[in-house]
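Structural overview
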Amino acid sequence: MTITKTATTLRSDSARIGFIGFGNMATAMAQGLIASGKVAPSRIYCCAGDFQRLIPRADALGVRARKDAANLVTSVDVLVVAVKPYMVERVLEPVADLIGDKPIISVAAGWSSDDYESILPGSHHLSTMPNTPVAVNEGVIICEKDHTLTERQVDLVRAILGYLGALVDVDASMMSAAGTVTGCSPAFVAMVIEALADAAVKHGIPRNLAYTLVSQTVAGTAKLQLATGQHPGAMKDAVCSPGGTTIKGVAALEQAGLRSAFIQAIDAIEGK
Ligand SMILES: NC(=O)c1ccc[n+]([C@@H]2O[C@H](COP(=O)([O-])OP(=O)(O)OC[C@H]3O[C@@H](n4cnc5c(N)ncnc54)[C@H](OP(=O)(O)O)[C@@H]3O)[C@@H](O)[C@H]2O)c1
């Protein structure tokens, strides 16, 4: 880890945060920052490819839209790179001189600390992979252990990201798999919620009630596991009495290949 000392005195309760790219992920992060109550919308800035389309999206959140990356970079103290991975180099290189030693948080999939060094040598950057539950402050933000933030920038950036959920530091070699599991699983879990709700509807439960029942059960089960550290298998066993109903459902799920379906999903993304 490279740590360089600078004189920055920025604080998480006053720093202006700028999103380069304001699509799904940046919007979720901005929503989470605002929902945390720690970051006023007026401290959040954004730019996108199409300024006219950006304005109503920024207005809806009360955040400040800027015409382009150059205008954005000069307006803020902390940058979040939230364009598609293939756009990162194209968007950052023209504003490299303006970025100077401002801290950069990257959320672009596949962009490692080494990749940033190759396009912005000597800059201060941290590569992360957040997931969409950051919008409600329940995200996971995977952080690459290698970074080039200064000690003070680390404190600032971790405070900001901490408003959005749990920070988990991993080696560069694990960024891809860890980011895939956390970044893609909101889609998979949403499919599970939808499927279980369909089953409930099939058995006469009104759809809205079905979503409430299933989502609260998923959230509660996850919280129970996090709070107790219990093995998920033990949690399953605790609900399965001998000869009871739940074990019949577990057997049906195994017959349908539930476990292998999830493993195949991650294989499909990561490659076997
Ligand atoms: N979505 C997720 O769940 C997720 C999870 C983890 C990480 N990520 C990462 O987050 C990044 C963004 O993903 P996304 O899903 O939010 O994509 P997205 O919705 O397509 O957003 C991309 C944003 O980049 C903007 N953009 C395009 N050209 C630009 C330019 N020249 N200057 C500034 N902004 C420009 C787009 O603006 P226009 O629409 O006006 O062109 C749009 O606001 C990706 O690198 C992805 O790997 C996403």
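An account of the accompanying structure is given in this report. (Residues numbered from 1 in each chain as written. Predicted model: local features only at pLDDT ≥ 70, side-chain atom pairs only at ≥ 80, totals over all residues.)

Before going further, it helps to examine the sheet that holds strand S5 (residues 103-106). Picture the strands of a sheet paired through backbone hydrogen bonds; they go either parallel or antiparallel. Overall, mixed pairing links the 8 strands, which are arranged S3-S2-S1-S4-S5-S6-S7-S8 in an open sheet. Because the sheet does not close on itself, it has two edges, and the strands there are strand S3 (64-65) and strand S8 (165-170). In this sheet, strand S6 (residues 124-129) lies alongside S5 in parallel orientation, the contact comprising 4 bridges. Its bridge partner being in S6, Pro 103 is matched across the sheet by His 124. (Pairing = 2+ DSSP bridges. Helix = DSSP H or I, 4+ residues; strand = E, 2+ residues; numbered from the N terminus.)

Mapped onto the fold, Leu 196 is located in helix H8 (residues 175-202). Owing to 17 C-beta atoms within 10 Å, Leu 196 belongs among the partly exposed residues under this scheme. Placed 18 residues apart in sequence, Leu 196 and Val 214 show a C-alpha to C-alpha distance of 6.8 Å. (Buried ≥ 20, exposed ≤ 12 C-beta atoms within 10 Å, placed from the backbone.)

What follows covers the packing of H8 against helix H9 (residues 207-228). Contact geometry for H8 and H9: axes closest at 9 Å, N-to-C directions at 130°. The pairing of H8 with H9 is recorded here as oblique in orientation. Read as a crossing pair, H8 and H9 show a hand that is right-handed. The residues of H9 that touch H8, namely those facing Val 189, Ile 193, Leu 196, Ala 197, Ala 200 and Val 201, are Arg 207, Ala 210, Tyr 211, Leu 213, Val 214, Ser 215 and Val 218. When the residues that make up the contact of H8 with H9 are grouped by side-chain class, the tally is 11 nonpolar, 1 polar and 1 charged. (Axes fitted to C-alpha atoms, helices over the stretch in contact; angles between N-to-C directions. Parallel < 35°, antiparallel > 145°, perpendicular 65-115°, else oblique. Left-handed = near helix turned anticlockwise from the far one by under 90°. Contact = placed C-beta atoms within 7 Å. Nonpolar A, V, L, I, M, F, W, Y, C, P; charged D, E, K, R; others polar.)

This paragraph deals with the pairing of strand S7 (residues 139-144). Within S7, 6 of the 6 residues are buried, which leaves the element mostly enclosed by the surrounding structure. Burial along S7 is two-sided: Gly 139, Ile 141 and Cys 143 facing one way and Val 140, Ile 142 and Glu 144 facing the other are all buried. Of the pairings in the sheet, the one linking S6 to S7 comprises 2 bridges and is antiparallel in character. When the sheet's bridge partners are listed, Thr 128 is paired in S7 with Cys 143. Both S7 and S8 contribute to a ladder of 6 bridges, which runs parallel. Within S8, the position partnered with Cys 143 by the bridge is Asp 169. Remark: the S7/helix H7 (residues 151-162)/S8 crossover connection has right-handed handedness. (Right-handed = clockwise from strand over helix to strand, strands pointing away.)

All we've got here are geometric facts, nothing functional implied.
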